[in-house]
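This is what each chain is made of:
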Amino acid sequence: MTEYIREHEIYPIDQVASRQKGLPISVGRLHPIVVLLLVGSSVLFGANASTDEAAQLRADAIRSTGEQIALTIAEAGGWDAWNVALEPFYRELREQCDKADATGQGYLIGPEKSLFTVALTRFAMEHAQGTEQGGQDIRKTTSYAAIVSLHRQLAARSIDLIVVPIPQKEEVYPRSISLSAPTDVPLYPQRYRYMESLLEADVEVVDLLPALVTATSEADTPLFPKADLHWNNRAMGIASEVLALRLSRYNLIPATQTNPYTTKPFRLEAPGPLVSYYLPEGEQAKFEYLVDEGLQVFLPDGAPYEYDSIPDGPVLLIGDSFMMRARSGGSWAARLAYDSGIPVTGYMENQKGAQSAARILARKGPAFFENRQVVILYTVGGMLSRLWFQQELPA
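Residues numbered from 1 in each chain as written. Predicted model: local features only at pLDDT ≥ 70, side-chain atom pairs only at ≥ 80, totals over all residues. Heavy atoms only, no water.

Trainee: Please set out the overall build of the protein residue by residue, giving values where relevant.
Mentor: Along the protein, the regular secondary structure elements total twelve helices and eleven strands. With 395 residues in all, the protein has 56% of them scored as buried. (Helix = DSSP H or I, 4+ residues; strand = E, 2+ residues; numbered from the N terminus. Buried < 20%, exposed > 50% of the residue type's maximum accessible area, 1.4 Å probe, protein only.)

Trainee: Go over the nonpolar core, please, and point to the residues and values.
Mentor: In terms of nonpolar packing, the biggest core is built from 114 residues, with Val164, Trp231, Trp332 and Ile376 touching the most fellow members. In this view, tryptophan 231 contacts Ile166, Leu208, Leu223, Phe224, Pro225, Met236, Ala239, Phe322, Met324 and Trp332; residues no more than four positions away in its chain are not counted. (Core = buried A, V, L, I, M, F, W, Y, C linked by side-chain atoms within 4.5 Å. Contact = heavy atoms within 4.5 Å.)

Trainee: Explain the packing of aromatic side chains to me, using residue names and the numbers behind them.
Mentor: Per the stated rule, a full pass over the model turns up ten aromatic pairs. Geometrically, the ring pair formed by tryptophan 82 and tyrosine 192 is tilted, given 5.6 Å between the ring centres and 50° between the ring planes. Note that tryptophan 82 is positioned in helix α2 (residues 79–103) and tyrosine 192 in helix α6 (residues 189–200), a separation of 110 residues in sequence. Assessed through its relative accessible area of 0%, tryptophan 82 is described here as buried. Judged by its relative accessible area of 0%, tyrosine 192 is buried. For the pair tyrosine 261 and tyrosine 305, a centre-to-centre distance of 5.3 Å together with 70° between the ring planes defines the contact as edge-to-face. One end of the pair, tyrosine 261, is in the loop between α8 (233–247) and β7 (262–270); the other, tyrosine 305, is in the loop between β8 (290–298) and β9 (315–319), and 44 residues separate them in sequence. A single burial state applies to tyrosine 261 and to tyrosine 305, both of which are buried. Linked through ring pairs, Trp231, Phe322, Trp332 and Tyr378 together constitute an aromatic cluster. (Phe/Tyr/Trp six-rings, centres within 6.5 Å; stacked < 30°, edge-to-face > 60°.)

Trainee: Please provide a residue-by-residue account of unusual backbone geometry, values included.
Mentor: We note that serine 158 has phi near 60°; this positive angle belongs to a residue other than glycine. Of note, serine 158 is situated in the loop between α4 (142–156) and β5 (160–166). Despite not being glycine, aspartate 202 has its phi angle at roughly 70°, a positive value. Note that aspartate 202 resides in the loop between α6 and β6 (204–205).

Trainee: Could you give me a rundown of the sheet that holds strand β10 (residues 344–348), with the residues and numbers involved?
Mentor: Taken in spatial order, the five strands make up an open sheet running β6-β5-β11-β9-β10, and their pairing is parallel. At either margin of the open sheet sits one strand with a lone partner, and together these are β6 and β10. On top of the sheet, helix α12 (residues 357–364) reaches β9, β10 and β11 (374–380); it is set at about 130° to β9, its chief contact. (Pairing = 2+ DSSP bridges. Axes fitted to C-alpha atoms, helices over the stretch in contact; angles between N-to-C directions.)

Next comes the structure, spelled out in structure tokens:
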């Protein structure tokens, strides 16, 4: 039976009334990059490589991602042409943000009542135009320095780092924020500058945008709700499958092992977080409920796989609220564990979980790293333009 999650509790779907059939959002561009998607879930068992093969596959992934990013840059006409093409769109967004700031509103309403925060929209524009932390030279930013430092410290402990700068909702659905948003180039080229620079420093990155954009043409279920900035379970599942493919190169599970985790479907229906936080009660009914369906993951003992259920998994997924931890058994860590068959430890802090990752890990002590083989660091792309922190990890 399909189940319904609301405020950490589970109810059979026939006990509640569905208030919304779906959240249709117009499809943006289809990005012209060939990507590999897994179909279905938990399909990677027996796919592990030797240590040498894993190192070679990691190097291949870095090279392949670099080639994809170079293709994106070339198709946009180069960095300068890319920014020039986007300037009218940024000008319009700045005007909208200025008007919202003047009234203390704090949010923007896009076409079809899709909501955005002024703060993150400004972050993304600064991020896109390189107006913070040293302009266009990514190597002068605190985020670049912190990530490269963390990569090198983890590598010294034989732990691989994979960085995932999550695309923002309007990157996947450009017209959700403005009908004048271009659909022939990605909206935030600076995210690509970061990925390019990190790859050049031998830091593995994953660009989820091609997979997400491709998925917009494959089903009616949206990847992001109108009433929130976070992704839906469908988008989270796509990200999980892409990462599970990367993790399949490691010898983290026996080739004969069957998936130790089980699932059952759930349905989430609740007021959108942005609606309930920003809008007065009398205005909230004008906006669609957040309706989402996904998989709830269970441990072998039958308990829901919470994001922090397994403290010593070989894979650590660390970042911010895109963990979706409030959904019992439905977090990103749980879904990644199910799709890969690998125990995944989740850790998150709202807003600054990635920016403070080195500080967080340093507080954990040396024993925290004993069983780790991979650390996946994620954050929404616009947060790369914020202040990040470096710290030496415990010896």
